[in-house]
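# Coordinate analysis (summary)
Residues per chain, in single letters:
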Amino acid sequence: MRSERKESMRIHLNHLNMIYPTGKLALKDISLTLESPSLVGLVGPNGAGKSTLMKLLVAGLLPTGGTISVDDVPLSRCEKKLKEKLGYLPQDFGLYDELTVREFLDYMAALKGIRDSKAAIESAILATGLEEKRKARIKTLSGGQRQRVGIAQALLGTPEFLILDEPTVGLDPEERIRFRNFFSQTAQDKLVLLSTHIIEDVQSVCDRLIVIDRGQILFIGRPEELVLQARGHVGVFLEQGGDEKTSALRIISRVNTAEGVLCRGVAEVLPQEARSVEPTLEDAYLYLITQE
Ligand code: ADP
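Residues numbered from 1 in each chain as written. Predicted model: local features only at pLDDT ≥ 70, side-chain atom pairs only at ≥ 80, totals over all residues. Heavy atoms only, no water.

Here we take up the environment of glutamate 239. Its place among the elements puts glutamate 239 in the loop between strand 11 (234–238) and strand 12 (250–257). You can call glutamate 239 partly exposed: its relative accessible area is 29%. Considered as a pair, glutamate 239 and arginine 250 are 11 residues apart in the sequence and their alpha carbons are 13 Å apart. Side-chain polar atoms of glutamate 239 contact the side chain of arginine 254, separated by 2.7 Å. (Helix = DSSP H or I, 4+ residues; strand = E, 2+ residues; numbered from the N terminus. Buried < 20%, exposed > 50% of the residue type's maximum accessible area, 1.4 Å probe, protein only. Polar contact = N/O pair within 3.5 Å; in protein donor to acceptor, adjacent residues only side chain to side chain.)

Turning our attention to the site of the ligand. Near the ligand the following residues occur: Tyr20, Thr22, Lys24, Ala26, Pro45, Asn46, Gly47, Ala48, Gly49, Lys50, Ser51 and Thr52. Between serine 51 and the ligand, the recorded distance is 2.8 Å, taken from a backbone N or O atom to an oxygen atom. Protein chains bury 66% of the 560 Å² of accessible surface belonging to the ligand in isolation. Tallying contributions element by element places helix 1 (residues 50–57) first for the shell around the ligand, with 3 residues. Per-class residue counts for the shell around the ligand are 4 nonpolar, 6 polar and 2 charged. (Near = heavy atom within 4 Å. Areas by Shrake-Rupley, 256 points an atom, 1.4 Å probe, with all protein chains shown as cover. Nonpolar A, V, L, I, M, F, W, Y, C, P; charged D, E, K, R; others polar.)

This paragraph deals with the side chain of aspartate 201. Within the element layout of this structure, aspartate 201 appears in the loop between strand 8 (191–196) and strand 9 (208–213). Side chain to side chain, aspartate 201 and arginine 176 meet in a polar contact 3.2 Å long. Engagement of the side chain of aspartate 201 in a polar contact is seen with the side chain of threonine 196, the distance being 3.1 Å. With residues near it in sequence (within four places) discarded, aspartate 201 still touches Thr168, Arg176, Arg180 and Thr196. (Contact = heavy atoms within 4.5 Å.)

Any link to function would need more than the numbers given here.
Next up, the structure:
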């Protein structure tokens, strides 16, 4: 059931600020553009502001400063239209434990006002591999299966814009790989924004990365560009037995070898004894975060 020619969608955030009533500044001067089709990874440590940013995008929160526009129309004037095109998996997604998977999806489809709900539900069930669990009560599902139900409801009605807040939480490694590929496939004709604190989830599938920390954007660009920034700042060396001389060094891993403990670390200036190595995306991310 493919729709005709899809127009691309453009969401622009302009100098966005979010201060919670408690006084907490959760986002500070965020400006960025999201355009379909693409798979964008929103990465940052816990508390960085990822969920807040996503809630603002789905108009679940109002910013205390700045504006959001969708195809050049302010969000306040196109909220209903955006919601029709939107699939959202919030982080603290509550499921109705007594309902079966099918009943729950039926209910969500009704809330979304989806006309051909039967076909929409079946396609979401297939996409998330829940065929065997159609009639299972949600309270009997494992953590990973519940997360899949959450993803299935976000997919109802084949939305043009998917916002997934930590979609891989609770999934086992195999499921995570499956979903990574699935999101990458889905993003071919959509805008998919997925947040995670696990850099592996976005490695090799995202076209763009947005790294935020403490409410501010540290990086927007292609994953390879982030890796380039860390060149010359990642090294391996044998642990000397005492505190390392470089105070700003962050050790990523320690491995026991015949020669001693081999450390891998990132730093603005590597210790003299370190041999510089090609950064991975995870190294580059940690380098960026530690620079702050
Ligand atoms: P992330 O999703 O990256 O973990 P959040 O967006 O949930 O980060 O939170 C960003 C910051 O805002 C954190 O310091 C968090 O404690 C704070 N925060 C989140 N929600 C609220 C709220 N409803 N009221 C007050 N502070 C909040």
